[in-house]
Amino acid sequence: MTDLLTRTPSAVRAVLRSPLYRGSTVALFLSGLGTSAAAPQIAQFLVKDLGASLTVAGLYYLTNLTAPIAGYLIGRRSDRTGRRLGLFRLSAAAGALGWFAIAFSGQLWMPFVISAVILGFAGAAASQLFAAIHDELAASPTPAGDGVVSIVRMALTFGWVIGPVAGSYLAAQTSLRVMLIATAVCTLAQIIPLGRLREGAGAAPATEHEGPAARAHVPVRAMVPLLAFTGLYILVYAGEPIKYAYLPIYMNEQLHLPAALSGAIIGIQPLVELALMPVAVVVARRTGMIPLMVVGALFGMGANLLFATTGTAVGLFAGQLLMGGVWGIFAGLGIIVAQRLLPVAVATASAIFITAPALSSALGGLVGGIGAGTIGLPLVFLIPSLFALLASIGLVLLHRRVGNPA
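Residue positions within a chain follow its written sequence, with the count starting from 1. Given that the model is predicted, a residue must reach a pLDDT of at least 70 before its local features are reported, and side-chain atom pairs must reach 80 or more before they are shown or counted; all residues, however, enter totals for whole chains, interfaces and linings. With hydrogens and water excluded, all non-hydrogen atoms of the structure serve as input to the side-chain values.

1. Here's the deal with the packing of helix H9 (residues 145-173) against helix H10 (residues 176-189)
And then number 1: Only the stretch in contact is used when a helix axis is fitted, and all axes are lines through C-alpha atoms; the angle between N-to-C directions ranges over 0 to 180 degrees. Numbering of helices and strands runs from the N terminus; a helix is a DSSP stretch of H or I covering at least four residues, while a strand is a stretch of E covering at least two. With their axes 7 Å apart at the nearest point, H9 and H10 run at an angle of 140° to one another. It follows from the interaxial angle that H9 and H10 lie oblique. H10 is crossed by H9, and the crossing has right-handed handedness. Counting all contacts with H9, which are made through Gly167, Leu170 and Ala171, the residues of H10 involved are Leu176, Val178, Met179 and Ala182.
And then number 2: Only Asp, Glu, Lys and Arg are considered charged, only Ala, Val, Leu, Ile, Met, Phe, Trp, Tyr, Cys and Pro nonpolar, and every remaining residue, Gly among them, polar. When the residues that make up the contact of H9 with H10 are grouped by side-chain class, the tally is six nonpolar, one polar and no charged. Relative orientations are named as follows: roughly parallel for angles under 35 degrees, roughly antiparallel for angles over 145 degrees, roughly perpendicular for angles from 65 to 115 degrees, and oblique for any other angle. In a left-handed crossing the near helix is turned counterclockwise from the far helix by less than a right angle, and in a right-handed crossing that turn is clockwise. Between two residues, a contact is recorded if the distance between any of their heavy atoms is within 4.5 Å.

2. Brief notes about the side chain of lysine 243
And then number 1: Inspection of the secondary structure assignment puts lysine 243 in helix H14 (residues 239-254).
And then number 2: Ignoring any residue separated from it by four or fewer positions in sequence, one finds lysine 243 in contact with Pro248, Gln269, Phe307, Gln320, Met323 and Phe381.

3. Describing the nonpolar core
And then number 1: Counting residues in hydrophobic clusters, the biggest one holds 78 residues, and the most contacted among them are Phe229, Phe330, Leu333 and Leu395.
And then number 2: Residues contacting phenylalanine 330, with those up to four places away along its chain left out, are Tyr233, Val236, Met293, Gly296, Ala297 and Leu395. Definition of nonpolar core: a set of buried residues of the types Ala, Val, Leu, Ile, Met, Phe, Trp, Tyr and Cys, connected through side-chain atoms within 4.5 Å. Burial classification: accessible surface area is computed with a 1.4 Å probe over protein chains only, and a residue below 20% of its type maximum counts as buried, one above 50% as exposed, and the rest as partly exposed.

4. Digging into unusual backbone geometry
And then number 1: Going from leucine 377 to proline 378, the amide bond is cis rather than trans, its omega being 5°.
And then number 2: As for its placement among the helices and strands, proline 378 is situated in the loop between helix H19 (356-374) and helix H20 (382-402).
And then number 3: The phi torsion at histidine 256 lies on the positive side, around 55°, for a residue other than glycine.
And then number 4: The residue histidine 256 is located in the loop between H14 and helix H15 (259-287) in this model.

5. A look at the pattern of salt bridges
And then number 1: Within this document, salt bridges are pairs made up of a side-chain nitrogen of Lys or Arg and a carboxyl oxygen of Asp or Glu, the two lying within 4 Å of each other. The final tally for this structure, using the stated rule, is five salt bridges.
And then number 2: The shortest N-O distance in the salt bridge between arginine 84 and aspartate 79 comes to 3.0 Å. The same class applies to arginine 84 and to aspartate 79, which are both buried.
And then number 3: One salt bridge in this structure joins aspartate 146 and arginine 340, with 2.8 Å as the shortest N-O distance. Of the two residues, aspartate 146 sits in helix H9 while arginine 340 sits in helix H17 (residues 313-341), which places them 194 residues apart along the sequence.
And then number 4: Residues participating in the shared-partner salt-bridge network are Asp79, Arg84 and Asp135.

6. Quick notes on helix H8 (residues 124-139)
And then number 1: Here H8 is 16 residues long and its end C-alpha atoms lie 23 Å apart, about the 22 Å a rise of 1.5 Å per residue gives.
And then number 2: Counting buried positions over the 16 residues of H8 gives 14, a clear majority of the element. Helix span, expected: 1.5 Å multiplied by one less than the number of residues in the helix.

7. Details of the packing of aromatic side chains
And then number 1: Aromatic pairing here means that ring centres of Phe, Tyr or Trp (its six-membered ring) are within 6.5 Å. Orientation follows from the plane angle: under 30 degrees is stacked, over 60 is edge-to-face, and everything else is tilted. According to the stated counting rule, one finds 10 aromatic pairs in the structure shown.
And then number 2: On the basis of an interplanar angle of 65° and a centroid distance of 5.6 Å, the ring pair of phenylalanine 307 and phenylalanine 381 is categorised as edge-to-face. Residue phenylalanine 307 is found in helix H16 (residues 289-309), and its partner phenylalanine 381 is found in the loop between H19 and H20; the two are separated by 74 residues along the sequence.
And then number 3: Here phenylalanine 381 falls in the buried class, since its relative accessible area comes to 0%.
And then number 4: Following the ring pairs from residue to residue traces out a cluster consisting of Phe229, Tyr233, Tyr237, Trp327, Phe330 and Phe353.

8. Quick notes on the confidence of the model for the protein
And then number 1: Here the protein averages 87 in pLDDT, while 92% of its residues score no lower than 70.
And then number 2: Values of pLDDT, the confidence the predictor places in each residue, fall between 0 and 100. Contacts for the low-pLDDT stretch residues 1-6, under 50 throughout, to residues beyond four places or in other chains number seven contacts.
And then number 3: Confidence drops under pLDDT 50 across residues 201-216; counting only partners more than four residues distant or on other chains, this segment forms 33 contacts.

9. Structural notes on the environment of phenylalanine 299
And then number 1: Structurally, the position occupied by phenylalanine 299 is in helix H16.
And then number 2: Phenylalanine 299 sits 154 residues away from glycine 145 along the chain, and the two C-alpha atoms are 26 Å apart.
And then number 3: Among residues more than four places away in sequence, those in contact with phenylalanine 299 are Leu322, Gly325, Val326 and Ile329.

10. Let's talk about a nonpolar patch on the surface
And then number 1: The grouping of Leu298, Leu386, Leu389, Leu390, Ile393 and Leu397 at the surface amounts to a nonpolar patch, some 510 Å² of accessible area in total.
And then number 2: The biggest single contributor to the nonpolar patch is H20, with five residues.
And then number 3: Within the secondary structure layout, isoleucine 393 lies in helix H20.
And then number 4: The class of isoleucine 393 is partly exposed, set by a relative accessible area of 45%. Patch definition: residues above 30% relative accessible area lacking any salt bridge, with like charges linked at up to 9 Å and the nonpolar side chains Val, Leu, Ile, Met, Phe, Trp and Tyr linked at up to 5 Å. All accessibility values rest on the Shrake-Rupley procedure with a 1.4 Å probe; residue burial counts only the protein chains present in the view.

This is the structure we're talking about:
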């Protein structure tokens with residue numbers, strides 16, 4: 001606890017002093033705010049404004065499958081040139097253009113094409129900021145480096161806490177198209193906090209150690225630990241779309257919980273996550289990051305077991321508290337581990353890791369739909385529990401191979 005109290009203020013001071021860290025924190029908050037405002041509303045927009053069926057609206061989320069490809073291409077370009085912030089601005093501008101185009105779409109096919117072709121590149125904006133932060137920390141090392149990354153990552157999570165509520169309110173007061181325009185504005189506004197900051201002017205370029213290697217071709221074999229880690233992260237994250245799709249239905253239609261209680265159960269997770277992210281960084285210094293993630297994956301297994309078996313509000317609250325622990329660990333440490341598993345190409349590593357939730361959403365949506373139709377609610381939550389168990393085993397094996405990435 002003493003370590004937490006002494007290191008956290010130093011990380012906060014480092015963020016406040018650095019134009020790059022400070023600007024990235026605000027930019028990622030805006031990114032999370034805009035994206036999370038639109039995410040719960042996009043299917044409703046497709047149905048109400050463009051006449052899609054519920055089945056067709058659900059297929060929209062499959063357009064996220066292009067995000068890892070776009071992120072990888074942007075990451076490779078970034079590692080070859082070192083132009084993190086230039087590519088960040090281009091990605092943010094592409095995202096804004098995409099959301100504006102969706103907001104003014106008049107045909108059902110348009111959001112699908114726009115999301116697959118343009119918004120896939122928008123997701124690379126955050127990865128470029130994390131790559132720039134890594135470069136700066138490598139050029140000017142500080143004992144609070146991991147804390148800096150955690151604080152910046154917390155800003156993204158905080159945006160996701162506020163965004164769904166803000167998006168729902170704005171859509172109710174105006175229209176879904178206005179809400180999508182607001183998402184576009186937030187996406188474009190990411191550029192403002194960084195101003196005219198350039199690599200080498202408060203945002204260091206790739207270090208001498210990383211530069212030549214990053215400009216060379218990175219063999220697939222060197223990427224195996226990163227790809228394995230990302231795959232295990234996908235297994236853990238796949239429980240989120242299943243939970244958000246079916247836990248509210250389970251609480252409302254089978255348990256008949258009051259709306260306020262159901263909302264409190266859903267809302268407790270991000271609050272716990274935010275509180276635990278800086279704690280996870282401190283604990284990981286003693287345990288190692290991957291071993292702590294093993295614990296996090298086991299939390300996920302336990303949480304989903306509670307969802308599947310308890311049938312009480314207390315059990316669901318306990319499950320959500322455990323899920324807050326899962327994401328307090330993975331959200332705070334995941335990007336750091338990913339970069340350390342491929343240190344010669346940190347932008348590529350960042351892009352691959354950050355776009356992994358798109359694959360998780362597709363996996364979770366697919367198996368969740370099949371599971372809900374076969375074994376029903378609440379037993380469908382046994383599926384993400386099994387995924388989390390497999391992820392914990394895989395993380396143990398990965399740790400034995402790579403040790404504690406440094």
